[in-house]
Amino acid sequence: MDTLRNQKTKLAAANKDILGFIGSFIDDKSFVETDAFMCSENDVADAPGEGVVSGFATVKDTPVCLFATNPAVLKGSVGALNAKKITRTINNAVRMDKPLIAVWDSAGARFAEGIECLEAYASILRAYTVAYGEVPVITLIKGNNFGLSSYVAGLSDFVIVCKDGKSATASPLVISAKTGNTAVGTADDLMSRGIATNKCDSLRDTIVKMLGVFYGVATGDDPNRVCKGLKAGVSASAVIKEVFDKNSFFALRDGYTKEVITGFASLADVSVGVVAIDSSSDGGRLTADGCIKISEFLNTCENAEVPVVFLVDSVGTEINADDAAVMREMSNLIYRVNTLDSDIFSVVTGKAIGSAYTSLVAPAEYKIAWDTAEVGTLESEAAARLLYADEIKSAKNKDKAAQKLAAAYSEENCSALTIARSGYFDNVIEPNHTRSYLVAALLAHVE
């Protein structure tokens, strides 16, 4: 019969590497293990700790619940007792109202368990579903994450993928043989497709920033600071850098669809979600993927109970052959924005044409525009070419005539000041005052 010492020795040997990984992002000596001695036996070998390490810890003094599948034990595979340990950890996070950090490195299912294995996955996904929206959920893809556990990405506020992380609904070898795509499920693939929100460049710092979204981070930046260098045509990144607290912006899904930038920042030390439309990418036309990116981000904003700031410079939606995809995802985005249980603040920094205005500006509680902004159902030149087609046709220099008529049309119908006279903007401002106006509005709304 094994003694306690023997059991501890076996566990220590089996869990050495995964405990070292956990130690890289939690506070020193803060980990308290739970369900340590769970162990099933099979014809091949026993499974110390059930191939999962679970427990409580702190990350920069923030208490968290966590579990990590252990590839050193049966390749971190999922089975009935293994799932019981995982779901207990997730349920503890909900019960204790603490963030959940889940580390995945699993080859998939323990097929020999049959239907019990499917029930095991179902229990994990059910627990994830309950936790998502109740507590912060951070999923970390450390190594392999194959099979049904790959679906936890859609039930997480944040998904971090490590350099060697891979996630796919089946073995990548099977998928590549079927499709010819040899890069499926890799870290770069997960980032480019928006499955992962962040790469594991500096794990502890990344997790600290994620927790800060929910619990706040003091920056000490002057709320009355005047922005510098903001004017018509500046990049969305430049606006973000100047408007929000210094060095506070934290991007999510960077690299997934270039016309939309999403991330979190602080504004007068208040956490906010940021959605910026970048006109340098095809005029800021929203693609189907762009709409998905915003919708997914708004889910996390609502879970974190933070206000959202839209920075809009867009001429509407993309025009391409797959119009149905744009139609479907823009519809979903409109629904998501109009049902969002968070305050929305919208700033038109350039253009807000057609669906860009309807979906990202009109629903906002507080709407402001730069004095150079243009708002309308169509871009001014397109409108001029429709309205003044005969005049343009008869002009010697048709393009010059179109531009002149477009400028006149824009001044009379699309300028921010003109729109504000009809009561559709709370204010029209000089760009360098954007921060102070947003800070005032935000502090008036927050409790």
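Now for a look at the structure at hand. Note that the structure is a prediction, hence the values are computed from the model and not measured.

Turning our attention to empty space enclosed by the protein. Empty space among the atoms becomes apparent when a probe as large as a water molecule is rolled across them. Going through the model one piece at a time under the given rule, you end up with one cavity of 30 Å³ or more. By volume, the largest cavity is sized at about 100 Å³. Surrounding the largest cavity, 16 residues form its lining, Val-234, Ala-236, Val-239, Asp-313 and Thr-349 being those nearest its centre. When residues of the lining of the largest cavity are traced back to their parent elements, those giving at least two are helix 7 (236-243), strand 13 (270-277), strand 14 (308-314) and strand 15 (344-353). Of the residues belonging to the lining of the largest cavity, the class tally is eight nonpolar, five polar and three charged.

What follows deals with a nonpolar patch on the surface. Together, Ile-115, Leu-118, Leu-148 and Tyr-151 give the surface a local cluster of nonpolar side chains, amounting to about 390 Å² of exposed area. Summarising the element assignment, Tyr-151 is placed in the loop between strand 7 (137-146) and strand 8 (158-161). The exposure class assigned to Tyr-151 is partly exposed, which follows from its relative accessible area of 44%.

Right, let's talk about the pattern of salt bridges for a bit. The final tally for this structure, using the stated rule, is 13 salt bridges. For Lys-246, the salt bridge identified is with Glu-242, shortest N-O distance 3.7 Å. With a shortest N-O distance of 2.9 Å, Asp-245 and Arg-435 are connected by a salt bridge. A residue pair is termed long-range when its members are at least 10 positions apart, and Asp-245 in the loop between helix 7 and strand 11 (250-252) and Arg-435 in helix 15 (residues 434-445) qualify at 190 residues. Side by side, Asp-245 and Arg-435 carry an identical accessibility label, which is buried.

Among the residues of helix 7, those classed as buried are Ala-236, Val-239, Ile-240, Glu-242 and Val-243. Summarising the contacts, the buried residues of helix 7 are in contact with strand 12 (260-267), strand 13, strand 14, strand 15, strand 16 (366-370) and helix 15.

Conventions adopted
- Residues numbered from 1 in each chain as written.
- Predicted model: local features only at pLDDT ≥ 70, side-chain atom pairs only at ≥ 80, totals over all residues.
- Heavy atoms only, no water.
- 1 Å grid on protein atoms, 1.4 Å probe; cavity = no way out; pocket = protein on both sides within 12 Å on 5 of 7 lines; lining within 4 Å.
- Points joined across faces, edges and corners; volume = space filled by probe spheres on them.
- Helix = DSSP H or I, 4+ residues; strand = E, 2+ residues; numbered from the N terminus.
- Nonpolar A, V, L, I, M, F, W, Y, C, P; charged D, E, K, R; others polar.
- Patch = residues over 30% accessible without salt bridge, like charges linked within 9 Å, V, L, I, M, F, W, Y side chains within 5 Å.
- Areas by Shrake-Rupley, 256 points an atom, 1.4 Å probe, with all protein chains shown as cover.
- Salt bridge = Lys/Arg side-chain N within 4 Å of Asp/Glu carboxyl O.
- Buried < 20%, exposed > 50% of the residue type's maximum accessible area, 1.4 Å probe, protein only.
- Contact = heavy atoms within 4.5 Å.

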